[in-house]
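# Chain and residue survey
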Number of protein chains: 2
Amino acid sequence: MEEKVIPDIVVGRLPLYLRALQRMAEEGRQVTSSQELGERLGISAAQIRKDLSQFGEFGKQGTGYNIEYLVEQLQQILHVDRDWDLAVVGAGDIGSAVMRYKGFADRGFCVKMIFDSDPDKVGTQIGNFIIQDTALMEGAIKAAGIKVAMIAVPASHAQDVADKLVKAGIKAILNYAPLSLNVPPDVRVQHIDPAIHLQRMTYYL
Amino acid sequence: MEEKVIPDIVVGRLPLYLRALQRMAEEGRQVTSSQELGERLGISAAQIRKDLSQFGEFGKQGTGYNIEYLVEQLQQILHVDRDWDLAVVGAGDIGSAVMRYKGFADRGFCVKMIFDSDPDKVGTQIGNFIIQDTALMEGAIKAAGIKVAMIAVPASHAQDVADKLVKAGIKAILNYAPLSLNVPPDVRVQHIDPAIHLQRMTYYL
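Quick look at the structure, then. Numbering of residues begins from 1 in every chain and follows the order in which that chain's sequence is written. Chain letters and ligand numbers both follow the written order, the letters beginning at A and the numbers at 1. Only residues with pLDDT of at least 70 are given local features in this predicted model, and only at 80 or more are side-chain atom pairs given and counted; all residues enter the totals for whole chains, interfaces and linings. Heavy atoms throughout the structure, all of them, feed into the side-chain values; hydrogens and water do not.

### Here's the deal with the relation of the copies chain A and chain B
Note that the two copies of the chain are related through a rotation about an axis and a translation along the same axis. Alignment of copies: least-squares fit on C-alpha atoms of residues with pLDDT of at least 70 in both copies. Mapping chain A onto chain B is achieved by rotating through 180 degrees and translating by 0.0 Å along the same axis, at an RMSD of 0.0 Å. Classification of the inter-copy transformation places it as that of a two-fold axis. With an isologous cut-off of 70% or more, the 100% of interface residues of chain A that recur at the interface of chain B puts this contact in the isologous class. A contact between two residues is defined here by any heavy atoms of the two lying within 4.5 Å.

Set out below in structure tokens:
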């Protein structure tokens, strides 16, 4: 794993494996197989075995995978065996929903701060968080050493926010604004745009 | 295009091209090139030309692409030259944010109804919509002929909701619940799970 470059498409499937395995663990399960995992995920058992084999030998033939062990290994591989602090920019509907979202627990993320540029919102609370002024964002993120951020502002502001986040040292951005962001090569961006996901399906309808 | 099977990864890029082109059109632009489009999207110009050439001849060498024409063509290819009615299931934070989301206009989608199983929510309003009882979902969706739905319920209820949507004739599901859904082969599912997207980036950090 040290030197080998893993294709990004393989990396993209690992979080799905981890999520399914964590769910099995919650169900009290201890052992699973690539067949069962594949059925849950709609991915072939051969594909799963091939993907996991890139990182080591996790299962024994005939006995399957120890779920707890494989969860730990995948958490290490994906670097979520620790909690990453998150900064959220934009306190509209989506930003607020993210702040209240319970789904980050046990998955490696913890929301730490939220910013908005609307003077009517700055200083008010969402859950336990006080909305801070976007003007203070760069300093606050740097001081806290935060590396991961979410952008939930209108498209017209998103590139400007992204530029400021990059200056603040952010290395991974989850972008809810409906446009592609330009960032330096050492910064990762993932996009969530429901219309894009829907259009990808209507092609087939 | 009639007989040729287009790889799903190519289909997945078309909505990104469409979004960027629609944005250029809003900016008052009339002509673009694969180079410019590529710079906006972080995709190579050669890749864009290759993807588009699968569907026909949209640009002239030296003069580039007519933006309005290419938007129309991509809308036809993706079947969003019409509006698809949407049913939303789950009136929590995410479902409510989706109901209020303005980003579907001009992108082929129109939210038509929302359902929840919580008696305290049924009958109350989100925007202009009255939340309906999930028990009535199958009949209401069938009667309206809706083919596209979003699931925004807790993971523990999502498969059950998906089964009911399939019975109601839904053919495309955008799933916000953090688990993989099992559906028949003629039903498409796309997943939005922020933790999955984040884990895909922390691998590289």
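### As for helix α7 (residues 155-167) of chain B
With 13 residues, α7 of chain B extends 19 Å between its outermost C-alpha atoms, agreeing within 8% with the 18 Å of an ideal straight helix rising 1.5 Å per residue. Among the residues making up α7 of chain B, those that are buried are A155, A158, V161, A162 and L165 of chain B. Numbering of helices and strands starts at the N terminus; helices are DSSP runs of H or I of at least 4 residues and strands are runs of E of at least 2. The inward-facing, buried residues of α7 of chain B contact α1 (8-26) of chain A together with β4 (84-89), α6 (137-144), β9 (148-151) and β10 (172-175) of chain B. Note on α7 of chain B: the residue one or two positions beyond its end, G169 of chain B, has a positive phi of about 100 degrees. Expected helix span is taken as 1.5 Å per residue step, with the number of steps being one fewer than the number of residues. Only protein chains enter the area calculation, which uses a 1.4 Å probe; residues under 20% of their type maximum are buried, those over 50% are exposed, and those in between are partly exposed.

### Observations regarding the pattern of salt bridges
In the sections that follow, a salt bridge refers to a side-chain nitrogen of Lys or Arg positioned within 4 Å of a carboxyl oxygen of Asp or Glu. If you walk through the whole model with that rule in mind, you get 20 salt bridges over all chains. E36 of chain A serves as the salt-bridge partner of R29 of chain A, at 2.9 Å between the closest nitrogen and oxygen. Taking relative accessible area as the criterion, R29 of chain A reaches 28% and is therefore assigned partly exposed. For R100 of chain B, the salt bridge goes to D93 of chain A, with nearest N and O atoms at 3.0 Å.

### Considering the packing of aromatic side chains
Two rings belonging to Phe, Tyr or Trp (six-membered ring only in the last case) form a pair when the distance between their centres is within 6.5 Å. Interplanar angles under 30 degrees mark stacking, angles over 60 mark edge-to-face geometry, and anything in between is tilted. Applying the stated criterion across every chain, the model contains 7 aromatic pairs over all chains. Taking 5.0 Å as the distance between ring centres and 80 degrees as the angle between the ring planes, the aromatic pair formed by Y101 of chain B and F104 of chain B counts as edge-to-face. Clustering of aromatic rings is evident, with ring pairs tying together Y101, F104 and F109 of chain A. The ring of W84 of chain B carries R82 of chain B above its face, with NZ or CZ at 3.7 Å from the centroid. Only lysine NZ and arginine CZ atoms are considered, and such an atom sits over a ring when it is within 6 Å of the ring centre and within 35 degrees of the ring normal. The ring of Y204 of chain A carries the charged tip of R188 of chain B above its face, separated from the ring centre by 3.5 Å.

### With respect to the environment of F58 of chain B
Residue and element names in this part refer to chain B. Within the secondary structure layout, F58 lies in the loop between α3 (45-53) and β2 (59-60). Spatially, the C-alpha atoms of F58 and L70 are 6.6 Å apart, while their sequence positions differ by 12 residues. Once residues lying within four places of it in the same chain are set aside, the contact partners of F58 are L52, Y65, Y69, L70, Q73 and I77.

### So, the sheet that holds strand β11 (residues 188-191) of chain A
Residue and element names in this part refer to chain A. When DSSP finds two or more bridges between two strands, those strands count as paired. Spatially, β8-β5-β4-β9-β10-β11 is the arrangement adopted by the 6 strands of the open sheet, whose pairing is parallel. The open sheet has two free edges, formed respectively by β8 (132-133) and β11, since each of these has just one partner strand. Examined bridge by bridge, strand β10 (residues 172-175) and β11 share 4 bridges and lie parallel to one another. Across the sheet, the residue bridging to I173 is V189, located in β11.

### Overview of the sheet that holds strand β2 (residues 59-60) of chain A
All names here are of chain A. On the basis of which strands lie adjacent, the open sheet formed by 3 strands has the order β1-β3-β2 and antiparallel pairing. The outermost strands of the open sheet, each flanked by one partner alone, are β1 (31-32) and β2. Direction of pairing for β2 relative to strand β3 (residues 64-66): antiparallel, over a ladder of 2 bridges. Counted as the bridge partner of K60 is G64 from β3.

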